[in-house]
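Examining the three-dimensional arrangement
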Amino acid sequence: MAVLNLVQAINQALDQKMEDDSRVVIFGEDSGYEGGVFRVTAGLQKKYGEDRVFDTPIAEGAITGSAIGMAVNGLVPVAEIQFDGFVFPGITEIVTHMARYRNRSRGRYGLPIVVRFPVGGGIRALEHHSESLESLLGQIPGLKVVMPSTPYDAKGLLISAIEDPDPVIFMEPKRIYRSGKQEVPEDMYRIPLGKAKVVKEGKDVTVVAWGPFVREVEKAAELLKSQAENIDIELIDLRTINPIDEETIINSVKKTGRFVVVQEAVKTYGPGAELIALVNEKAFLHLEAQPTRVTGFDITVPLPRGEHFHFIQPERIAAEIKKVAKF
């Protein structure tokens, strides 16, 4: 096994799928010659040529629209949007055409498209560079929305996304692109979309997170342990924002009787609210405390000097877990 960070694992997945399937093409702003702003596609243009890995104009609507045309004509496009906040100019094509093609054709045709982009804060970036868009894109019928938390998951989920017959939004948490390494199998493997992972089994509180905040919950658990708090957390990595793995979450809540969800996105109308509604609908009689969400604030992500005030710190997560556990 190779020991890879998130960037390297994603690059390896793209490389292997391009070698495996000549229909796969990669394109976006600086995705070709430079290998992307974060060098996620580095080396792929040199290996596969400019016909399969190429740069585009700064026109996100053209990127997403071109992906639709490519998929209709038999290619498997992997389109990169340079930063999360740049998705908005391409949203019309994603929502009004890409997501609806299966329905529009009454199930006869899909669009095998992956739209990749770095997501979230943590790198002290400028405006429009630190958005958490799972709240917006997770509610669109016809789209699958994925966010990995580890290099191992990133590779397996991305291969599954590229092989999926319908469009997948693949969000890459930029703050953990290079923040840690993990053993990753060198051969191709797949992690099913729509299947969560129980990171740690426990009996007292179910905690659901995704992307970089899986690690923050782990830090919160260590903090509680250092405080001699005897709280046994069951940590679930959601992995896929849509579709939600309802079975794993509900089975866990029925066991623990308590539920906390942690999300970087703003509080209002976020995935956390949807997950709490799910728990209330399907596990209400098993609850021993109020379901709780720990979220970002309902504001635009602050610029670099104030960004850290917006982040959910492990201390805040630990305090909410303690409150629910002792209710």
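Structural notes, computed from the coordinates.

Analysis parameters
Along every chain, residues carry numbers that run from 1 in the direction the sequence is written. Reporting in this predicted model follows two pLDDT cut-offs: at least 70 for local features of residues, and 80 or more for side-chain atom pairs to be given and counted; totals over whole chains, interfaces and linings ignore these cut-offs and use all residues. In computing side-chain properties, one takes all heavy atoms of the structure into account and sets aside hydrogens as well as water. What counts as a helix is a DSSP run of H or I of at least four residues, what counts as a strand is a run of E of at least two, and both are numbered from the N terminus. Expected helix span is given by 1.5 Å per residue-to-residue step, counting one fewer step than there are residues. Only protein chains enter the accessibility calculation, which uses a 1.4 Å probe; a residue whose area is less than 20% of its type maximum is buried, one above 50% is exposed, and one in between is partly exposed. To be clear, the arc concerns the directions from the helix axis to the C-beta atoms. Contact between two residues is taken to exist if any of their heavy atoms lie within 4.5 Å; hydrogens are not considered. Between any two strands, pairing holds if DSSP finds at least two bridges. Lines fitted to C-alpha atoms define the axes, with helix axes restricted to the stretch in contact, and inter-axis angles between N-to-C directions lie between 0 and 180 degrees. Criterion for a salt bridge: a side-chain nitrogen of Lys or Arg within 4 Å of a carboxyl oxygen of Asp or Glu.

Over its 13 residues, helix H3 (residues 60-72) extends 19 Å from the first C-alpha to the last, a length consistent with the 18 Å expected when each residue adds 1.5 Å. All of the buried residues in H3 are Glu60, Ile63, Thr64, Ala67, Ile68, Met70 and Ala71. Projection of H3 onto a plane perpendicular to its axis shows the buried side chains occupying an angular sector of 165°, all on one side. Where H3 is buried, its residues contact strand S2 (24-28), strand S3 (53-55), strand S4 (76-80) and helix H4 (91-98).

This part covers the sheet that holds S3. The mixed open sheet is built from 7 strands, whose spatial order is S3-S2-S4-S5-S7-S6-S12. Unpaired on one side and paired on the other, S3 and strand S12 (240-242) mark the two borders of the sheet. Averaged over neighbouring strand pairs, the angle between their axes works out to 20° when direction is ignored. Pairing geometry for strand S6 (residues 144-146) and strand S7 (residues 168-173), over 3 bridges, is parallel. Bridge pairing links Val146 to Phe170 in S7. Across the sheet, helix H1 (residues 6-20) lies against S2, S3, S4, strand S5 (114-119) and S7, angled at about 135° from S2, the strand it touches most. In the packing of H3 onto the sheet, contacts are made with S2, S3 and S4, and the angle to S4 comes to roughly 170°.

Read across the open sheet, the 5 strands follow the order S9-S11-S10-S13-S14; overall the sheet is mixed. Either end of the sheet is taken by a strand with one partner, and the two such strands are strand S9 (197-200) and strand S14 (292-296). For this sheet, the mean angle separating the axes of adjacent strands, direction not counted, is 25°. Bridge count between strand S10 (residues 205-209) and strand S13 (residues 259-266): 3 bridges; the pairing is parallel.

This next bit is on the pattern of salt bridges. Working definition: two side chains of opposite charge can pair if their charged atoms are close together. Counted by the stated rule, this structure contains 22 salt bridges. Measuring nitrogen to oxygen at the nearest pair gives 2.8 Å for the salt bridge that ties Asp20 to Lys17. Taken together, the positions of Asp20 and Lys17, both in helix H1 and 3 residues apart, correspond to about one turn of that helix. Judged by relative accessible area, Asp20 falls into the partly exposed class, the value being 45%.

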